[in-house]
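Breakdown of the fold
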Amino acid sequence: MNSLLSLPQRIDGSRESIGSDTRDIVIIGANGAGKSRFANRLIEDLGEKAFRISALEALYGRRRNITANSVDTLYEQAGMPQNSGDDSSQFERILAMLMHDEMLNLIGYKLAMVAGGKNGAISLRPTRLDSVISLWQEVFPGSRVLIESGKVLFARGLDQSAYSALRLSDGERAVLFYAGAILYAPKGSIIFVDSPEIFLHPSMMQTLWNRLELLRPDCRFAYTTHDLEFTSTRAGAQVIWVRDFDAASQKWDYLLLPPDSPLTDDMYRALIGARKPVMFIEGDGVHSIDSKLYPLIFKEYSVKSLGSCNKVIEATRTFNDLNAMHHNDAVGIVDRDRRDEREVAYLRRKRVMVPDVAEIENILMLEDIVRAVASYCHRNPDKVFGKVRHSIMQQFRTDLHRQALQHTRHRVKQTVEYRIDGRFANIGQLEAHMDALKHEINPRGLYESFCKEFRRYLNDNDYRSVLRVYNQKSMIPGSNVAGLCGLNGKEQYITTILDILRSQSPEAEKIRKAVTECFGL
């Protein structure tokens with residue numbers, strides 16, 4: 001195994017190195033960040049210790065003048081036949097080298113026998129082609145490899161018709177090329193693989209590359225990729241995140257991420273693809289209101305959807321715990337739902353922003369937003385908002401007891417989870433603690449307190465407080481805000497808000513201000 005690997009110089013003049021105990025290296029980065037040039041510098045610095053392979057280049061690319069070892073340089077060093085204007089691909093050259101070695105092995109075996117070898121004392125030694133065939137049949141069960149008239153042929157299942165390697169699929173040829181090329185890598189070298197995921201189905205990547213690495217336990221592997229699914233298959237790998245490249249000084253801005261980092265694929269995407277601070281939000285990233293609204297409000301952030309609120313909270317915490325490493329700031333946004341002030345304050349300390357309304361739909365019902373949409377649609381803002389407020393207050397009046405019960409249930413659940421997480425010497429202590437909790441929590445008292453609080457909001461016509469506590473997905477259609485603005489339903493109302501935010505109209509600034517103020521910004 002190779003010794004300490006020294007990495008290229010950073011823009012600030014510093015350098016990093018990777019110890020000999022790290023076998024796998026993954027170089028990742030956004031398009032244009034300089035990861036390929038980073039790998040090429042490593043190859044140049046390593047010289048004869050580097051061996052570069054690329055399935056894309058092997059199958060479709062032209063050979064390039066590269067100082068490092070490659071299939072082409074080994075082909076020429078082996079004294080393989082060259083024709084004038086030879087334009088054979090690296091894939092074809094690998095097959096030719098495998099067959100050349102196979103023939104030399106057979107000739108050597110025959111010569112040894114002719115020289116008087118005793119029966120059983122001389123045997124055919126395993127060849128690289130044997131290893132390739134063994135791996136091929138593991139990866140593609142039911143496929144057969146045949147050697148006929150000095151050619152490598154293939155067949156499937158019981159079909160007796162054989163065909164040449166040129167009729168294989170791109171994925172099959174890539175596997176064949178990788179296996180052959182890796183076996184020809186110089187002893188103890190670092191094998192640089194460009195885009196190791198290309199042509200391969202995601203379901204086979206981990207198994208295949210684990211198997212390919214077993215072919216050369218003496219070598220290290222360095223992969224250049226932007227595929228995070230592949231990155232996740234290299235357990236224990238040293239991941240190098242290349243963030244930027246200064247062409248004038250030929251230096252890089254890069255970071256060494258901790259091996260087996262807790263970062264998820266979505267967080268890696270945020271790290272790699274974002275040049276701005278990151279904002280993690282709820283929703284699916286395609287259909288959710290969050291993913292459509294927040295990028296238009298918080299333009300200074302790179303917004304990433306993670307799904308559930310728990311994922312947002314955990315991602316924000318983990319990302320900021322690693323801030324000293326990547327220097328990117330991260331915030332999260334989760335719905336308020338039924339959280340009390342103590343829960344909200346805790347999340348905000350963790351840089352998770354919580355709006356002053358129950359959920360994302362309620363943000364779209366803020367007074368200033370309803371007025372802005374009405375004005376944009378040439379309706380009377382006072383009349384529109386007056387009717388909307390009356391409708392929502394009536395909905396809340398009808399729904400008051402159910403909402404109070406849901407808030408009570410949430411508060412009881414949170415209190416029990418918090419208080420029950422203690423240490424008890426025996427089951428008796430736990431039972432006594434549970435009995436005491438019922439009286440301490442007093443669910444009925446909580447319920448009556450919520451009912452009283454909610455009635456006060458109604459008596460005071462406190463629309464903003466209702467939005468803060470009222471979880472009701474049907475609020476937008478139930479209020480008829482779209483119809484009052486001359487729009488056709490909830491979807492067109494939401495689309496109009498997004499269209500306004502993309503415009504330069506005065507209403508856009510009013511909506512943006514209303515949303516940011518809802519987060520206390």
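Scroll up for the structure.
To start, this report covers the structure provided alongside it. The structure presented is a predicted model; accordingly, all values stated were derived computationally and were not measured.

Despite not being glycine, Gln-250 shows a phi value in the positive range, around 55 degrees. Despite not being glycine, Asp-337 has its phi angle at roughly 50 degrees, a positive value.

All right, on to the sheet that holds strand β15 (residues 352–353) then. Spatially, four strands are ordered β13-β12-β14-β15 in an open sheet, and the strand pairing comes out parallel. At either end of the open sheet lies a strand with only one pairing partner, and these are β13 (302–307) and β15. Of the pairings in the sheet, the one linking strand β12 (residues 278–282) to β13 comprises five bridges and is parallel in character. Counted as the bridge partner of Val-278 is Ser-302 from β13.

Bringing the pairing of strand β3 (residues 24–28) into the picture now. Taking burial as the measure, the five residues of β3 include five buried ones, the bulk of the element. Residues Asp-24, Val-26 and Ile-28 point to one face of β3 and Ile-25 and Ile-27 to the other, with burial holding for every one of them. Pairing geometry for β3 and strand β9 (residues 220–224), over four bridges, is parallel. When the bridges of β9 are listed, Asp-24 appears paired with Phe-221. Note that β3 and strand β10 (residues 238–246) share four bridges and pair parallel. The residue bridging Ile-25 from the neighbouring strand is Gln-238, located in β10.

For the rest of this paragraph, the subject is helix α1 (residues 35–46). Taking 1.5 Å per residue, twelve residues should reach 16 Å; α1 reaches 17 Å between its end C-alpha atoms and fits that length. For α1, the full list of buried residues reads Lys-35, Phe-38, Ala-39, Leu-42, Ile-43 and Leu-46. For α1, the arc enclosing every buried residue in end-on projection is 140 degrees, short of the 170-degree limit, so these residues lie on one face. Gly-47, located one to two residues past α1, shows a positive phi value of around 60 degrees.

Before going further, it helps to spend a moment on the environment of Phe-38. Looking at the element boundaries, Phe-38 is found in helix α1. For the pair formed by Phe-38 and Leu-7, sequence separation is 31 residues and the distance between their alpha carbons is 8.8 Å. Setting aside residues up to four positions removed in sequence, Phe-38 forms contacts with Leu-7, Pro-8, Ile-27, Ile-240, Val-242, Trp-252 and Tyr-254.

What follows is about the sheet that holds β10. Taken in spatial order, the six strands of this open sheet run β4-β8-β9-β3-β10-β11, and their pairing is mixed. Of all strands in the sheet, those bounded by a partner on one side alone are β4 (50–54) and β11 (251–257). Going across the sheet, the axis of each strand differs from the next one's by a mean of 25 degrees, ignoring polarity. Sheet analysis places β10 next to β11, joined by seven bridges and oriented antiparallel. Paired with Asp-246 across the bridge in β11 is Lys-251.

If you look at the biggest cluster of nonpolar residues, it comprises 64 residues, and the most contacted ones within it are Ile-363, Met-365, Ile-369 and Tyr-493. It is helix α16 (residues 381–419) that contributes the most residues to this core, eight residues altogether. Ignoring any residue separated from it by four or fewer positions in sequence, one finds Ile-369 in contact with Ile-363, Leu-364, Tyr-493, Ile-497, Ile-511, Ala-514 and Val-515. Formed by 58 residues, the second largest nonpolar core is a distinct cluster that contains Ala-174, Val-175, Ile-182 and Trp-241.

Per the counting criterion, the structure on display carries 20 aromatic pairs. Their ring planes at 80 degrees and their centres at 5.3 Å tell us that Trp-209 and Tyr-223 sit as a pair that is edge-to-face. Note that Trp-209 is positioned in helix α7 (residues 202–214) and Tyr-223 in strand β9, a separation of 14 residues in sequence. Judged by its relative accessible area of 0%, Trp-209 is buried. Their ring planes at 15 degrees and their centres at 6.1 Å tell us that Phe-221 and Tyr-223 sit as a pair that is stacked. Taken together, the ring pairs connect Phe-177, Tyr-178, Trp-209, Phe-221, Tyr-223 and Phe-230 into an aromatic cluster. A cation over a ring is seen here: Arg-173 above Phe-91, with NZ or CZ 5.8 Å from the ring centre. Against the face of Trp-241 rests Arg-243, its NZ or CZ located 5.1 Å from the ring centre.

Rules used in this analysis
- Residues numbered from 1 in each chain as written.
- Predicted model: local features only at pLDDT ≥ 70, side-chain atom pairs only at ≥ 80, totals over all residues.
- Heavy atoms only, no water.
- Pairing = 2+ DSSP bridges.
- Helix = DSSP H or I, 4+ residues; strand = E, 2+ residues; numbered from the N terminus.
- Buried < 20%, exposed > 50% of the residue type's maximum accessible area, 1.4 Å probe, protein only.
- Expected span 1.5 Å × (residues − 1).
- Arc of directions from axis to C-beta.
- Contact = heavy atoms within 4.5 Å.
- Axes fitted to C-alpha atoms, helices over the stretch in contact; angles between N-to-C directions.
- Core = buried A, V, L, I, M, F, W, Y, C linked by side-chain atoms within 4.5 Å.
- Phe/Tyr/Trp six-rings, centres within 6.5 Å; stacked < 30°, edge-to-face > 60°.
- Lys NZ or Arg CZ within 6 Å of the ring centre and 35° of its normal.

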